[in-house]
Amino acid sequence: MSFKCQICGEIHEDWPALTFDAPLGYSQLSNEDKNSIAELDSDFCIIRHENQIDRFVRCTLTQKVNDHNDGLDYGIWVSLSQKSFDDYKENFDNENHETGYFGYLSNNIPGYPSTLNIYLNVFTQKGNCRPIVVPQSTFAHIFVTDYYNGISRGEAERRIHGV
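Residues numbered from 1 in each chain as written. Predicted model: local features only at pLDDT ≥ 70, side-chain atom pairs only at ≥ 80, totals over all residues. Heavy atoms only, no water.

(A) Seen up close, the packing of aromatic side chains. Applying the stated criterion across every chain yields a total of 11 aromatic pairs. Judged by centre distance (5.0 Å) and plane angle (85°), the ring pair of Tyr-112 and Phe-143 falls under edge-to-face. Here Tyr-112 is found in the loop between strand E8 (100-105) and strand E9 (119-123), whereas its partner Phe-143 is found in helix H4 (residues 142-149), with 31 residues between them in sequence. Exposure remark for Phe-143: the relative accessible area of 1% places this residue in the buried category. Taking the centre distance of 4.9 Å and the plane angle of 80° together, the rings of Tyr-147 and Tyr-148 count as edge-to-face. Using a relative accessible area of 36% as the deciding quantity, one classes Tyr-148 as partly exposed. Cluster of aromatic residues (ring-pair linked, three or more members): Phe-44, Phe-85, Tyr-88 and Phe-92. (Phe/Tyr/Trp six-rings, centres within 6.5 Å; stacked < 30°, edge-to-face > 60°. Helix = DSSP H or I, 4+ residues; strand = E, 2+ residues; numbered from the N terminus. Buried < 20%, exposed > 50% of the residue type's maximum accessible area, 1.4 Å probe, protein only.)

This is how it looks when you write it as structure tokens:
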């Protein structure tokens, strides 16, 4: 399978990552609210509601594909507590910062019932790579089951093609 990358314009022979431009909460805001109560860049999102502040970071998740050498990569957004968000942001440019946080999935993954608020372990990585996330195995959801048991190559390709 090959695809033309929307970012670099090159043809790649591997699978594309399935990515989300923003957390669902941001995507659901009106344009006025996006401009007045929210901030979004390629790695961070803050939404300042009247009674709460939501904080999100962009992460990666790789879902195992049982009959293929590569996994299916997702670029997702995760909600973090203020303390975790502040620590991550403070250490964002620290190439040696490795730690873990608790977070909630903040996108709906196609092909599943709502995946919002699935419990995740978030792990920063050396070299300023985006954090990787691992669903907590005790969270009861088919997405979590598929993460640990894997999906078929056919299912992965259906997701890539949006079927």
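(B) Inspection of H4 at higher detail. Within H4, the full set of buried residues consists of Phe-143, Val-144, Asp-146 and Tyr-147. Axial view of H4: buried residues confined to an arc of 160°, hence all on one face. One or two positions beyond H4, positive phi appears at Gly-150, with a value near 90°. (Arc of directions from axis to C-beta.)

(C) Representation of the pairing of strand E5 (residues 44-48) within the structure. With 4 of 5 residues buried, E5 is to be regarded as a mostly interior element. The loop that links strand E4 (residues 38-40) with its antiparallel partner E5 comprises 3 residues. Where E5 lies against strand E6 (residues 53-63), 5 bridges are found, and the strand directions are antiparallel. Across the sheet, the residue bridging to Phe-44 is Val-57, located in E6. In sequence, E5 turns back onto E6 through a hairpin of 4 residues. (Pairing = 2+ DSSP bridges.)

(D) Fine view of unusual backbone geometry. In this model, Asn-117 sits at a positive phi of 70°, which is unusual for a non-glycine residue. Residue placement: Asn-117 occurs in the loop between E8 and E9.

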